[in-house]
Amino acid sequence: MADTILVLGTWNSMFSNRVRIALLEKGVEYEYKEEDLSNKSPLLLESNPIHKKIPVLIHNKRPICESLIIVQYIDETWNKTSPLMPGDPYERANARFWGDFIDKKASDFLMLRRNHTRSLTVADPSIYDCGTRLYWKSKGVDRDEAKKEFIESLKVLEGELGQKPYFGGESFGYVDVAFIPFGCWFNTYEKSGKFSVEEECPKLMAWVRRCMERESVAKVLPDSDRICEFIDAIKKRFGVE
Ligand SMILES: N[C@@H](CCC(=O)N[C@@H](CS)C(=O)NCC(=O)O)C(=O)O
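Looking at an unreviewed UniProt entry, one finds the chain named glutathione transferase, with Cinnamomum micranthum f. kanehirae as its source organism. As recorded by UniProt, the Catalytic activity (unreviewed entry) comment attached to the chain reads in full: "RX + glutathione = an S-substituted glutathione + a halide anion + H(+)".

Engineer: Which parts of the structure should I look at to understand the sheet that holds strand β2 (residues 31-34)?
Structural biologist: The strands that make up a sheet are held in pairs by hydrogen bonds between backbone atoms, and each pair lies either parallel or antiparallel. Read from one edge of the open sheet, four strands run β2-β1-β3-β4, paired in mixed fashion. In this open sheet, the two edge strands, each paired with only one partner strand, are β2 and β4 (62-65). With direction set aside, neighbouring strand axes in the sheet form an average angle of 20°. Relative to strand β3 (residues 56-59), strand β1 (residues 5-9) runs antiparallel, the two sharing four bridges.

Engineer: For this particular structure, what's the right way to read the pairing of β3?
Structural biologist: A regular strand carries its side chains on alternate faces of the sheet. Side chains of β3 alternate between two faces, with Val56 and Ile58 and Leu57 and His59 buried alike. Sheet topology note: the β3/β4 ladder contains four bridges and is antiparallel. When the sheet's bridge partners are listed, His59 is paired in β4 with Arg62. What sits between β3 and β4 in their antiparallel hairpin is a turn of two residues, with Asn60 showing a positive phi close to 50°.

Engineer: Would you mind going over the site of the ligand with me for this structure?
Structural biologist: Neighbouring residues of the ligand: Ser13, Phe15, Leu37, Lys40, Lys53, Ile54, Pro55, Glu66 and Ser67. The contact in question runs from an oxygen atom of the ligand to an N or O atom on the side chain of Lys40, over 2.5 Å. In this structure, Ser67 approaches the ligand through a side-chain N or O atom, which is 2.6 Å from an oxygen atom. Burial of the ligand by the protein chains amounts to 78% of its free accessible area of 520 Å².

Reading the values: rules and limits
- Residues numbered from 1 in each chain as written.
- Predicted model: local features only at pLDDT ≥ 70, side-chain atom pairs only at ≥ 80, totals over all residues.
- Heavy atoms only, no water.
- UniProt positions renumbered as here; feature names shortened; annotations may be inferred.
- Pairing = 2+ DSSP bridges.
- Helix = DSSP H or I, 4+ residues; strand = E, 2+ residues; numbered from the N terminus.
- Axes fitted to C-alpha atoms, helices over the stretch in contact; angles between N-to-C directions.
- Buried < 20%, exposed > 50% of the residue type's maximum accessible area, 1.4 Å probe, protein only.
- Near = heavy atom within 4 Å.
- Polar contact = N/O pair within 3.5 Å; in protein donor to acceptor, adjacent residues only side chain to side chain.
- Areas by Shrake-Rupley, 256 points an atom, 1.4 Å probe, with all protein chains shown as cover.

This is how it looks when you write it as structure tokens:
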């Protein structure tokens, strides 16, 4: 019997777009269900009862949660084509390190600075978090700090990319999948923080353009103007300047 593969996500989520890009890289056909996060479906709530978040991959009725875990599951399950993870265990550990950096590590110091009572074990995505503070939650000094931290994190990632075409080396891999969904949010961050990723991190921006030329990425990621309009509309609705 054919596999059933369903992704629960939202069009603008970096996390669900990772999953969709990974499936397309593997040439796996899947069904996609757009969730309304203000009115989560019973299927989402029962599939991810702990976090109640998208994305969820439901493979033959079995749910898998957390985007980077899902991407690794996809790589292991459809392992005949386009490996996303390196074959060498050391390189694999390194790829996981950078995936982890993108989602969590740098946020340890962010959380400390923002709220001393918060537990460091709470995972709060770093790049995502800085970006969110840039366009939404902060103003004045806090926004300047968010901008500085965001650019610093981008520079660290640019350093890791080095002269390689992809984080995965010659081929598009796990870290590329983990980070490229942020690419279509750069315009929004730039607009709020009044900076240019191109000027700050030209090699990283060249990597974004290179990735955007891939069919999987181009198919999944929304136009950055659509993201800007979406954020502008939310800010207007909530009276954020
Ligand atoms: N660490 C999670 C993060 C997922 C996440 O933050 N999803 C957001 C949308 S971008 C969500 O479902 N938010 C709904 C909520 O918090 O209630 C992952 O990588 O899958």
